[in-house]
Amino acid sequence: MEFKSKIKTIEWVDTYSKMVDQTVIPYEYKFVNITSGDEMFNAIRNMIVRGAPAIGIAGAHGVILYAQELEKQNLSRSEFVNKLIEKAEYMKTSRPTAVNLMWACQKQIEVIKNSNADIKGIIEELKQNGIKLENEDIEINKKIGDYGAEVVPEGATILTHCNAGALATVGYGTALGVVRSAYAKDNTIQVFADETRPRQQGSRITTFELAMDGIPVTLITDGMCSYFMKKGMIDMVVVGADRIAANGDTANKIGTYTVAIAAKYHNIPFYVAAPLSTIDISIKSGDEIPIEERSHEEVTHINGKPVCPLKGVNVINPGFDVTPHELITGIITEKGILRPDYNKSIREIFV
Ligand code: MRU
């Protein structure tokens, strides 16, 4: 039985990109239309759209939006192509850690470079490619889900961190894709969701989408995970990824590393679920992954209200951390589950 998820996070509609506004969940579930390239750049940077695969698709849509704007400037074909490639390169810089963003913008750059069409034709090819990437994302996540479901024990309680769900992708999700596929086979499984400070993707988004799909979910704060592991209440951990290095080191939302250490200590399997587009074989280890530093206000405030004195307190706010490969039991991809030695299994999957 296939699990039917109701959520479609982002889609190209004729001349604009329509997406769920993730900044207002769980108070509101509403869609916004993004109609210009700069608007898309800001939507990614300000996390109206977030999650590695979703921002990849958003980046690809952003390139189409820039193309539509440049078309109105009466440029020659070669001026159009050069300016558009510059804009696509700029779109890649809207957030630094999730490599899916660079990957998807690069896919659009390849369309531009390989096209023999006129300006209108290039724009049409970019739209077709954007829609293809959208559809592929859902198919890939279903495959990740099905491979992952094979390692979920009967009746398992699965801990996850941040949101690697339908709302972090076009639909279905990676880590939560594993949950959805496992739940379709065994409706006694359940999820423990870490709150995920500072932006609370776990409490705001993961619990929201699981409740929407009727999958049992329990919210805990970030510091509670080892308490429940020690009590024997967690059977496995599945998280998403923003970038995976060639040796398996994995960048994901800040706090993931802590969960991985706790899982290792308690002998609990720790899985990463991600599409191959999240693997960056150009970097040898996690030391080379750029870590986004975000606004201090995310730490000092909750819902616009200060949670600490605003004078005399230093703040630091890295958005991601890197879990070393030796803490990872397996990397669940659309081509199967990669196991250590990751240098070898990752290299083999890319040949
Ligand atoms: O800062 P965010 O909310 O974009 O971070 C998201 C995560 O860290 C996700 O776990 C990751 O992108 C995987 S999404 C399938």
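**Focus: the packing of helix H3 (residues 77–91) against helix H5 (residues 119–149)**
Thought 1: Contact geometry of H3 with H5 gives a least axis separation of 10 Å together with a crossing angle of 30°. Classified by the interaxial angle, the pair formed by H3 and H5 is roughly parallel. Contacts between H3 and H5 involve Arg 77, Phe 80, Val 81 and Leu 84 from the former and Ile 119, Ile 122, Ile 123 and Leu 126 from the latter.

**So, the state of the cysteines**
Thought 1: Counting across every chain of the model gives zero disulfides.
Thought 2: The structure places no disulfide on Cys 225, whose sulfur is separated from the nearest cysteine sulfur, that of Cys 162, by 14 Å.

**What to know about the domain arrangement of the chain**
A common way to report how large an interface is uses the accessible area buried once the components associate.
Thought 1: What the domain assignment lists for the chain is domain 1 (10–141) and domain 2 (144–349).
Thought 2: Taken together, the 30 residues of domain 1 in the interface contact 35 residues of domain 2.
Thought 3: On the domain 1 side of the interface with domain 2, the three residues burying the most area are Arg 50, Thr 97 and Asn 141, jointly 25% of the side's total.
Thought 4: Seen at the junction of domain 1 and domain 2, the total is one salt bridge.
Thought 5: In this structure, the salt-bridge partner of Arg 95 is Glu 292, at a minimum N-O distance of 2.7 Å.
Thought 6: Joining domain 1 to domain 2, the criterion identifies 21 residue pairs in polar contact (both at pLDDT 80 or more).
Thought 7: Contributions of two or more residues to the side of domain 1 that touches domain 2 are made by helix H2 (52–71), helix H4 (99–114) and H5.
Thought 8: The dominant element in the side of domain 1 that touches domain 2, judged by the number of residues it contributes, is H5, at five residues.

**Observations regarding the site of the ligand**
Thought 1: Taken together, 19 residues surround the ligand, and among them Arg 50, Gln 201, Asp 242, Asn 252 and Lys 253 come closest.
Thought 2: Take Arg 50: an N or O atom from its side chain is 2.6 Å from an oxygen atom of the ligand.
Thought 3: Within the side chain of Arg 95, a nitrogen or oxygen atom sits 2.8 Å from an oxygen atom of the ligand.
Thought 4: Burial of the ligand by the protein chains amounts to 99% of its free accessible area of 410 Å².
Thought 5: Residue assignment for the shell around the ligand shows that the elements contributing at least two residues are H2 and strand S9 (250–253).

**Details of the sheet that holds strand S2 (residues 16–20)**
Thought 1: Spatial strand order, S1-S2-S3: three strands in an open sheet with antiparallel pairing. Either end of the sheet is taken by a strand with one partner, and the two such strands are strand S1 (10–13) and strand S3 (31–34). Pairwise comparison of adjacent strand axes, ignoring direction, gives a mean angle of 25° for this sheet.
Thought 2: Across four bridges, S1 lies against S2 in antiparallel orientation. Each bridged residue has a counterpart across the sheet, and for Ile 10 the counterpart in S2 is Met 19.
Thought 3: Lying over the sheet, helix H1 (residues 37–45) contacts S2 and S3, oriented at roughly 140° with respect to S3.

Each value, and the rule that gives it
Residues numbered from 1 in each chain as written. Predicted model: local features only at pLDDT ≥ 70, side-chain atom pairs only at ≥ 80, totals over all residues. Heavy atoms only, no water. Axes fitted to C-alpha atoms, helices over the stretch in contact; angles between N-to-C directions. Helix = DSSP H or I, 4+ residues; strand = E, 2+ residues; numbered from the N terminus. Parallel < 35°, antiparallel > 145°, perpendicular 65-115°, else oblique. Contact = heavy atoms within 4.5 Å. Disulfide = S-S within 2.5 Å. Domains from an automatic or database assignment. Buried area = accessible area lost by both parts, 1.4 Å probe. Salt bridge = Lys/Arg side-chain N within 4 Å of Asp/Glu carboxyl O. Polar contact = N/O pair within 3.5 Å; in protein donor to acceptor, adjacent residues only side chain to side chain. Near = heavy atom within 4 Å. Areas by Shrake-Rupley, 256 points an atom, 1.4 Å probe, with all protein chains shown as cover. Pairing = 2+ DSSP bridges.

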